[in-house]
Amino acid sequence: MRQHILVVDDDEKITSMLRRSLTFEGYEVTIANNGQDALRLLMEREPHLIILDVMMPYLDGWEVCRRLREGGCKVPILMLTAKDEVKDRVKGLDIGADDYLVKPFALEELLARVRALLRRYEEADESHELTFDDLRMDVDAREVYRNGQRIDLTTREFDLLHLFMMNPRKVLAKDIIMERIWGYDYSGESNVLEVYIAMLRQKLEEHGAKRLIHTVRGAGYVLRGDD
């Protein structure tokens with residue numbers, strides 16, 4: 001069964017290119033030219049992935065994303081936009097988008113991010129609950145508990161922790177983590193991973209809980225129970 005991707009964009013050149021390229025890669029593609037049509041199509045059939053443009057008539061991509069997440073939709077969303085400001089990227093991620101790509105984009109990068117998102121959510125479907133030490137992750141509900149206390153995580157923090165919990169006690173290199181979570185090659189110049197690791201640690205170690213995500217110098221990070 002082919003994986004189904006819904007492309008939502010009012011630019012016919014973009015939708016035509018994506019339909020052709022994604023179909024060539026073996027995906028089934030459905031096109032919506034505005035946010036209202038997208039929500040209607042999603043009620044009829046849930047895809048495996050949504051590629052969602054931000055600036056559209058009638059209903060913009062941010063509002064579509066917000067409504068989907070508030071309605072409990074867990075389908076991964078890759079947002080496309082011409083805006084390259086940090087505040088716009090943060091807004092998209094905060095309302096529930098899984099990734100963000102700025103126009104104009106390289107087709108190879110978009111395909112890499114599509115593969116990474118689909119792979120990550122396939123792994124989530126394989127195991128609905130994960131446990132490690134005193135951590136418990138409900139994959140379906142996208143909820144995390146430590147010692148029975150719920151920990152509120154952002155979408156990206158949850159995905160990062162999920163990757164660690166799928167690979168306990170295994171050292172994960174930075175480039176592997178960047179490719180799996182952000183969908184692109186790690187250049188060594190960005191500190192985005194370090195920032196997210198710090199935020200995730202802060203939440204997991206609240207109230208003096210022991211450290212579970214450790215730095216392995218020159219190698220990467222590992223989830224293990226020892227200090």
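Located above this text is the structure these notes cover.
Residues numbered from 1 in each chain as written. Predicted model: local features only at pLDDT ≥ 70, side-chain atom pairs only at ≥ 80, totals over all residues. Heavy atoms only, no water.

### Some thoughts on the overall build of the protein chain
Along the backbone of the protein chain there are eight helices and 11 strands. Across its three principal directions, the C-alpha atoms of the protein chain cover 55 × 35 × 35 Å. The buried share of the protein chain, reckoned over its 227 residues, is 47%. A sequence separation of at least 24 residues applies to 57% of the contacts in the protein chain between residues at least 6 apart. Entry remark: accessible area of the protein chain is about 11600 Å², with carbon and sulfur atoms responsible for 47%. Seen as two clouds, the 34 positive and the 43 negative side-chain charges of the protein chain have centres 2 Å apart. (Helix = DSSP H or I, 4+ residues; strand = E, 2+ residues; numbered from the N terminus. Buried < 20%, exposed > 50% of the residue type's maximum accessible area, 1.4 Å probe, protein only. Contact = heavy atoms within 4.5 Å. Areas by Shrake-Rupley, 256 points an atom, 1.4 Å probe, with all protein chains shown as cover. Lys, Arg positive; Asp, Glu negative; His and termini not counted. Charge placed at Lys NZ, Arg CZ, Asp CG, Glu CD.)

### Quick word on the packing of helix α7 (residues 174-181) against helix α8 (residues 192-204)
Two elements in contact, α7 and α8, have axes whose closest approach is 11 Å; the angle formed by their N-to-C orientations is 85 degrees. Classified by the angle between their axes, α7 and α8 sit roughly perpendicular to one another. Each of K174, I177 and M178 in α7 lies in contact with α8, whose residues at this interface are V192, L193 and E194. Among the residues making up the contact of α7 with α8, the classes are represented as four nonpolar, no polar and two charged. (Axes fitted to C-alpha atoms, helices over the stretch in contact; angles between N-to-C directions. Parallel < 35°, antiparallel > 145°, perpendicular 65-115°, else oblique. Nonpolar A, V, L, I, M, F, W, Y, C, P; charged D, E, K, R; others polar.)

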